2 protein chains.
Amino acid sequence: MLQKRIDDQPSISREMVREAQDILHRHLKRVGLKQTAQRDTILRSFLDTRDHLSTDELHRLVQKKDPSIGYTTVYRTLKLLAECGLASEVAFHDGIARYEHQYNRRSHHHMVCTQCGGSVEFFSPEVSQLEQEIGRRYHYATTRHTFQIYGVCEDCRNKNSAQPA
Amino acid sequence: MLQKRIDDQPSISREMVREAQDILHRHLKRVGLKQTAQRDTILRSFLDTRDHLSTDELHRLVQKKDPSIGYTTVYRTLKLLAECGLASEVAFHDGIARYEHQYNRRSHHHMVCTQCGGSVEFFSPEVSQLEQEIGRRYHYATTRHTFQIYGVCEDCRNKNSAQPA
DNA sequence: TTGAAAATGAAATTCATTTTCAAATAACGC
DNA sequence: GCGTTATTTGAAAATGAATTTCATTTTCAA
Ligand SMILES: [Mn+2]
Ligand SMILES: [Mn+2]
Ligand SMILES: [Zn+2]
Ligand SMILES: [Zn+2]
């Protein structure tokens, strides 16, 4: 599940964590929900990594900061984060839902190794243009698209040929 | 779940059904499995439609031809068809796996209405080129890609504005 | 025709996700 | 601060699609 860094975007700074937290708090107020310590802790854990996390994986990270926080709360908070644009779901087609934080990040696509689950992020503005173009052609009000490439990474190919069963 | 026809590809002819059946039979022999009436019936039902069917939906169609065929056999046969290239899974991101037949069809992508579930098929060779290009750049041996656009179709938008709750 | 291997279909199981519920907590006005 | 009330929480239960199990039936090569 390791993920190669192919861009030079820095990790999230203290400043940015605060700003993201503000976004969440404003969202909560807007929809009449409450600010809680759990939600803040979960957001901070989520921002800490650039990985594509399952609810379960995030729950494990969260528990390092506060072992009393339950899986259900992580699950529900992830939905809230998606609602206010801080998180987005990435479907790697491996049967479980994954999320990545979307705060201050370039939009990008993924190429996934079907053998080890590793992934590479890449940028492809052409594809976003296609969304607009096709939407216009068939009169859809488009909101998003998914583009993913599947294959086998170099490491896995080497491992395969080293030990041909 | 209706799907607009945007190309002029004809429905599958008797001739083609036979050819597809041959592909399945050869595959079965190759991997040491047996030819059965159930598998043939399921394949024929599957070729009958150009829709994107869930296992359950296909099972219902199959039952019209032979009510004794069980869900499990449909499920297993769909995997076999995917193995020999006659079917491919399309993930519309609605939580259930869908398949479409791939026999004698142009490869294409989908734009899906998030409100009614309807879809439009479109062709976009640029995207396939991107698969090659990105794969080469990051040393992946690519096998496939998914490209889907999500939005709201014209009909649904009209319905929305007609009855604003 | 026959025996071994595979296929079948109902039922059971799995497993991620979602819901339920009683107890704890946050927010608002006073 | 205090009380009120709606929301939140986390454990447990429920859900539901996908998958496996298993006893029985069927295929097919010899
Ligand atoms: Mn990513
Ligand atoms: Mn299609
Ligand atoms: Zn790999
Ligand atoms: Zn629609």
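Counting restarts for each chain, with residues numbered from 1 along the sequence as it is written. By the order in which they are written, chains take letters starting at A while ligands take numbers starting at 1. The model is predicted, so local features are restricted to residues of pLDDT at least 70 and side-chain atom pairs to those at 80 or more, both for listing and for counting; the totals for chains, interfaces and linings are taken over all residues. Hydrogens and waters are ignored; side-chain quantities use all the structure's heavy atoms.

Explain the coordination of the manganese ion (ligand 2) here, please?
Ideal values for angles at a metal depend on the geometry: 109.5 degrees with four tetrahedral donors, 90 or 180 degrees with six octahedral donors. All names here are of chain B. Coordination partners: N, O, S within 2.8 Å of the metal, 3.2 Å for Na, K and Ca; water not considered, so apparent gaps in a site are possible. Looking at the manganese ion (ligand 2), the protein donor atoms are His52 (NE2), Glu100 (OE), His108 (NE2), His110 (NE2) and Glu121 (OE), and they sit 2.0 to 2.3 Å from it. For the manganese ion (ligand 2), all donor residues lie on one chain, and their spacing in sequence is H-x47-E-x7-H-x1-H-x10-E. Highlighted residues: glutamate 100 in strand β4 (residues 98-101) and glutamate 121 in strand β6 (residues 119-122), separated in sequence by 21 residues. By the burial criterion, glutamate 100 is buried, and glutamate 121 matches it. Helix numbering and strand numbering both begin at the N terminus, where a helix is a DSSP run of H or I of at least 4 residues and a strand a DSSP run of E of at least 2. With a 1.4 Å probe rolled over the protein chains alone, any residue whose accessible area is under 20% of its type maximum counts as buried; one over 50% counts as exposed, and the rest are partly exposed.

I would appreciate a short explanation of the packing of helix α2 (residues 37-48) of chain A against helix α3 (residues 55-65) of chain A in the present structure.
The relative placement of two packed helices comes down to the angle between their axes together with the axis-to-axis distance. Residue and element names in this part refer to chain A. Direction vectors running N to C along α2 and α3 enclose 115°, while the axes themselves pass 9 Å from each other. Judged by the twist between their axes, the crossing of α2 over α3 is right-handed. Taking contact as the criterion, the partners of Thr41, Ile42, Arg44, Ser45, Phe46 and Asp48 in α2 are, on α3, Leu58, Leu61, Val62 and Lys65. Across the contact of α2 with α3, the residue classes break down as five nonpolar, two polar and three charged. Interaxial angles span 0 to 180 degrees and are taken between N-to-C directions of axes, which are lines fitted to C-alpha atoms, for helices over the stretch in contact. Each helix crossing is assigned a hand: it is left-handed if the near helix lies turned anticlockwise from the far helix by less than a right angle, otherwise right-handed if that turn is clockwise. In this description, contact between two residues means that some pair of their heavy atoms is separated by no more than 4.5 Å. Throughout this entry, Asp, Glu, Lys and Arg are counted as charged residues, while Ala, Val, Leu, Ile, Met, Phe, Trp, Tyr, Cys and Pro are counted as nonpolar. The remaining residues, Gly among them, count as polar.

Just checking my understanding: could you explain the packing of aromatic side chains for this structure?
What describes a pair of aromatic rings is the distance from one ring centre to the other and the angle between the planes of the rings. Pairs were defined over the aromatic rings of Phe, Tyr and Trp, the Trp ring being its six-membered one, requiring ring centres within 6.5 Å. Orientation was assigned from the angle between planes: stacked under 30 degrees, edge-to-face over 60, tilted for the rest. All told, the structure shown has three aromatic pairs over all chains when counted by the stated rule. Judged by centre distance (5.9 Å) and plane angle (80°), the ring pair of phenylalanine 147 of chain A and phenylalanine 147 of chain B falls under edge-to-face. Here phenylalanine 147 of chain A, found in strand β7 (residues 141-152), pairs with phenylalanine 147 of chain B, found in strand β7 (residues 141-152), and the two come from separate chains. With a relative accessible area of 1%, phenylalanine 147 of chain A lands in the buried category. On the numbers, 5.9 Å between centres and 90° between planes, the contact of phenylalanine 122 of chain B with phenylalanine 147 of chain B is edge-to-face. You can see phenylalanine 122 of chain B sitting in strand β6 and its partner phenylalanine 147 of chain B sitting in strand β7, a full 25 residues away along the chain. Taken as a pair, phenylalanine 122 of chain B and phenylalanine 147 of chain B share a single burial class, namely buried. Following the ring pairs from residue to residue traces out a cluster consisting of Phe122 and Phe147 of chain A together with Phe122 and Phe147 of chain B. Cation over ring: arginine 106 of chain A sits above phenylalanine 123 of chain A, and NZ or CZ is 3.7 Å from the ring centre. Our definition puts a charge over a ring when NZ of Lys or CZ of Arg is within 6 Å of the ring centre and also within 35 degrees of the ring normal.

Got a minute to help me understand the relation of the copies chain A and chain B in this structure?
Look at the two chain copies: a rotation about an axis and a shift along it is all it takes to match them. Here the copies are matched by least squares. The fit uses the C-alpha atoms of residues with pLDDT of at least 70 in both. Structural alignment of chain A on chain B gives an RMSD of 0.1 Å, achieved by rotating through 180° and translating 0.0 Å along the axis. Accordingly, the operation relating the two chain copies is best matched by a two-fold axis. When C-alpha positions in chain A are compared against the rotation axis, the closest is assigned to phenylalanine 147 of chain A, at 2.2 Å. Both copies share a contact surface, since 100% of the interface residues of chain A are interface residues in chain B too.

What is the right way to look at the domain arrangement of chain A in this model?
One frequent convention defines the size of an interface as the accessible area lost when the parts assemble. Where each domain starts and ends comes from a domain assignment, either automatic or drawn from a database. Splitting chain A by domain gives domain 1 (1-105) and domain 2 (106-165). On a C-alpha basis, the centroid separation for the pair domain 1 of chain A and domain 2 of chain A is 22 Å.

Explain the nonpolar core to me, please; I cannot follow it from the model alone.
As a rule of thumb, soluble globular proteins bury nonpolar side chains together. Throughout, nonpolar core names a set of buried Ala, Val, Leu, Ile, Met, Phe, Trp, Tyr and Cys residues whose side chains join them through atoms within 4.5 Å. The biggest cluster of nonpolar side chains holds 26 residues, and the ones touching the most others in it are Phe147 of chain A together with Phe147 of chain B. Elements represented by at least two residues in this core include exactly β5 (109-113), β6 (119-122), α5 (125-137) and β7 of chain A together with β5 (109-113), β6, α5 (125-137) and β7 of chain B. In this structure phenylalanine 147 of chain B touches Val127, Leu130, His145, Thr146 and Phe147 of chain A together with His109, His110, Phe122 and Val127 of chain B, once residues within four positions along its chain are discounted.

What is the right way to read the sheet that holds strand β4 (residues 98-101) of chain A from this model?
Each strand in a sheet pairs with its neighbour through backbone hydrogen bonds, running either in the same direction (parallel) or in the opposite one (antiparallel). When DSSP locates at least two bridges between a pair of strands, those strands are taken to pair. Pairing within the open sheet is antiparallel, and its three strands lie in the order β2-β4-β3 (chain A). Because the sheet does not close on itself, it has two edges, and the strands there are β2 (53-54) and β3 (87-90) of chain A.

So what exactly am I meant to see when it comes to unusual backbone geometry here?
It is generally the case that most residues other than glycine have a negative phi and that most peptide bonds are trans. Backbone geometry places histidine 139 of chain A, a non-glycine residue, at a positive phi of 60°. Mapped onto the elements, histidine 139 of chain A comes out in the loop between α5 and β7.

So what exactly am I meant to see when it comes to the coordination of the zinc ion (ligand 3) here?
Residue and element names in this part refer to chain A. Within the first shell, the zinc ion (ligand 3) binds the protein through Cys113 (SG), Cys116 (SG), Cys153 (SG) and Cys156 (SG), at distances of 2.3 to 2.4 Å. For four-coordinate sites, all angles between 85 and 135 degrees define a tetrahedron; for four- and six-coordinate sites, opposite donors beyond 155 degrees with the remaining angles between 65 and 115 define square planar and octahedral shapes respectively, and all other cases count as irregular. Around the zinc ion (ligand 3), the four donor atoms sit at angles spanning 104 to 117°, and that spread fits a shape best called tetrahedral. Site description for the zinc ion (ligand 3): donor spacing in sequence, C-x2-C-x36-C-x2-C. Cysteine 156 carries the same exposure label as cysteine 153, and that label is buried.

Quick question: what am I supposed to make of the environment of glutamine 102 of chain A here?
All names here are of chain A. On the secondary structure map, glutamine 102 appears in the loop between β4 and β5. Put simply, glutamine 102 and glycine 85 are 17 residues apart on the chain and 6.8 Å apart in space, counted from C-alpha to C-alpha. Not counting residues within four places of it along the chain, the set of residues in contact with glutamine 102 comprises Gly85, Leu86, Ala87 and Ser88.

Please clarify how the protein's contact with DNA strand C should be interpreted in this entry.
Neighbouring DNA strand C are 21 residues; Tyr75 of chain A together with Lys34, Thr36, Thr73 and Arg76 of chain B lie closest to it. Here a residue is considered near a molecule or strand provided that any single heavy atom belonging to it is located within 4 Å of it. Each atom of DNA strand C within 4 Å of the protein was classed as base or backbone; sugar and phosphate made up 70%. For the purposes of these results, a polar contact is taken to be a pair of N or O atoms within 3.5 Å, where, inside protein, one atom must be able to donate a hydrogen and its partner to accept one; residues adjacent in sequence count only when each atom of the pair is a side-chain atom. Tyrosine 75 of chain A places a polar side-chain atom, nitrogen or oxygen, 2.6 Å from a phosphate oxygen of DNA strand C. Arginine 39 of chain B places a side-chain nitrogen or oxygen 2.6 Å from a phosphate oxygen of DNA strand C. Within the residue set of the surface near DNA strand C, elements represented by two or more residues are α4 (71-83) of chain A together with α2 (37-48) and α4 (71-83) of chain B.

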